[in-house]
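Working through the structure, step by step
Next come the chains, spelled out residue by residue.
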Amino acid sequence: MAKLTTEQATQHRKALALVDLDRDLTLTEREFVIDHYMETADARLDGAFFTPDGLARDMSIEVTGKRVIDLCAGIGRLAFACRDTDWERLNNEQPRELVCVERNPEYVRVGKKVLPEATWILGDVFDVPGMDLGGPFDTAIGNPPYGAVARGGRTAPRYTGGRFEYHVIDVAAAVARRGVFIVPQEMAPFRYSGRSSFTEERTDAYNRFERQTGITLGHTVGIDTSYYLDEWRDAAPRTEIVRADYTSARHSGTAPAARPAPKPQPSRNWTGMGATDFNTRPKAAQVAMFDVGDDAATGTIGLFDV
Ligand SMILES: C[S@@+](CC[C@H](N)C(=O)[O-])C[C@H]1O[C@@H](n2cnc3c(N)ncnc32)[C@H](O)[C@@H]1O
């Protein structure tokens, strides 16, 4: 894990002080927190890497509809980029409903402060299909963990492979009409970002995902994610933004939509835990509550396969 620079540590402390204030934050303060709260400050749990601001804004162009759910939301960077702006308010448009699902209690605490207009659910993305969320969402969004990040034995309804991002895209099909996700470039069925031209390229992993789920991942209006390569913290993942149309996929795919539930793993009891309780535990105990991504057997470091 990279050490914070003095500047980063100072800004992070200021962000935390804002989060701790016993009042609502101004928009400027909320933006400061979302820009300066460091996901690595305590430990990189579940391989969290927050999306750069510009990339989140670019992605928001693809997001449509009035009900949006952010899966694996972190502190809400993507949902923040999709929130209503003055334009919608001035035009008296119906407000967009945002729901954020995240399993790290500290991120949820921070997220509630920077994006109070969203409904925050402290929970596991694999529980989403069973949640009563008030009907289908127009769009599911996410920059989920990438690769063989541990899932505690949980799986999506149809996909049975090892890639966390594909599980999340399959989970989203249970609650949304369409999806927009940031995924590692080689997990998209095309290459566009950082390339001189668009090409279709499918890996075996992608073919398996498509075969099992019936979901085809499509490209966007032309967002080149490589523009933001240097803006990630401690990483420079090559990514693509992919779109999924779930209305044409729901009843296809070769894997059964409902499989017997996997044997439950011993509970880590993080879901019901408040942020204060979580934060006051020793760092090692916090880490032990997560299925941390680093795994020598699979070659995964945090989120990113190497
Ligand atoms: C790559 S980070 C992205 C965060 C945020 N979406 C963003 O773009 O900045 C992935 C997030 O997924 C969360 N996460 C990991 N496993 C999860 C799970 N099983 N259920 C819900 N959230 C999870 C992590 O805590 C982390 O905040």
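For the structure itself, look to the data block above.
Now for a quick tour of the structure. (Residues numbered from 1 in each chain as written. Predicted model: local features only at pLDDT ≥ 70, side-chain atom pairs only at ≥ 80, totals over all residues.)

1. Observations regarding the overall build of the protein
A count of helices and strands for the protein gives ten helices and eleven strands. Looking at the protein as a whole, 38% of its 306 residues are labelled buried. Excluding contacts between residues fewer than 6 apart, the proportion of contacts in the protein whose partners are at least 24 apart in sequence is 72%. (Helix = DSSP H or I, 4+ residues; strand = E, 2+ residues; numbered from the N terminus. Buried ≥ 20, exposed ≤ 12 C-beta atoms within 10 Å, placed from the backbone. Contact = placed C-beta atoms within 7 Å.)

2. Description of the environment of Ala174
Position of Ala174 relative to the elements: it lies in the loop between helix H7 (164–172) and strand E5 (176–184). Spatially, the C-alpha atoms of Ala174 and Gly130 are 9.1 Å apart, while their sequence positions differ by 44 residues. Those residues within four positions of Ala174 in sequence are excluded, and the remaining contacts are Val128, Pro129 and Pro157.

3. Quick look at the nonpolar core
The biggest cluster of nonpolar side chains holds 70 residues, and the ones touching the most others in it are Ile69, Leu71, Ala79, Cys100, Val101 and Ala172. Per element, the largest residue contribution to this core is six residues, and it comes from H7. (Core = buried A, V, L, I, M, F, W, Y, C linked by C-beta atoms within 7 Å.)

4. Thoughts on the sheet that holds strand E4 (residues 137–142)
Read across the open sheet, the seven strands follow the order E3-E2-E1-E4-E5-E9-E8; overall the sheet is mixed. Bordering the open sheet on either side are strand E3 (119–122) and strand E8 (217–218), each of which pairs with just one other strand. Sheet topology note: the E4/E5 ladder contains five bridges and is parallel. Counterpart to Ile141 in the pairing with E5 is Val180. Each of strand E1 (67–71), E4, E5 and strand E9 (239–245) is contacted by H7, which is oriented at about 170° to E5, the strand it contacts most. (Pairing = 2+ DSSP bridges. Axes fitted to C-alpha atoms, helices over the stretch in contact; angles between N-to-C directions.)

5. Some words on unusual backbone geometry
One non-glycine residue, Cys72, adopts positive backbone phi at about 65°. Along the chain, Cys72 falls in the loop between E1 and helix H4 (77–81). On the basis of neighbour counts, which here come to 25 C-beta atoms within 10 Å, the residue Cys72 falls in the buried class. Within the chain, Asp234 stands out as a residue other than glycine whose phi angle is a positive 60°. Inspection of the secondary structure puts Asp234 in the loop between E8 and E9. Judged by local crowding, Asp234 falls into the partly exposed class, with 14 C-beta atoms found within 10 Å.

Scope: geometric values only; no functional claims are made or implied.
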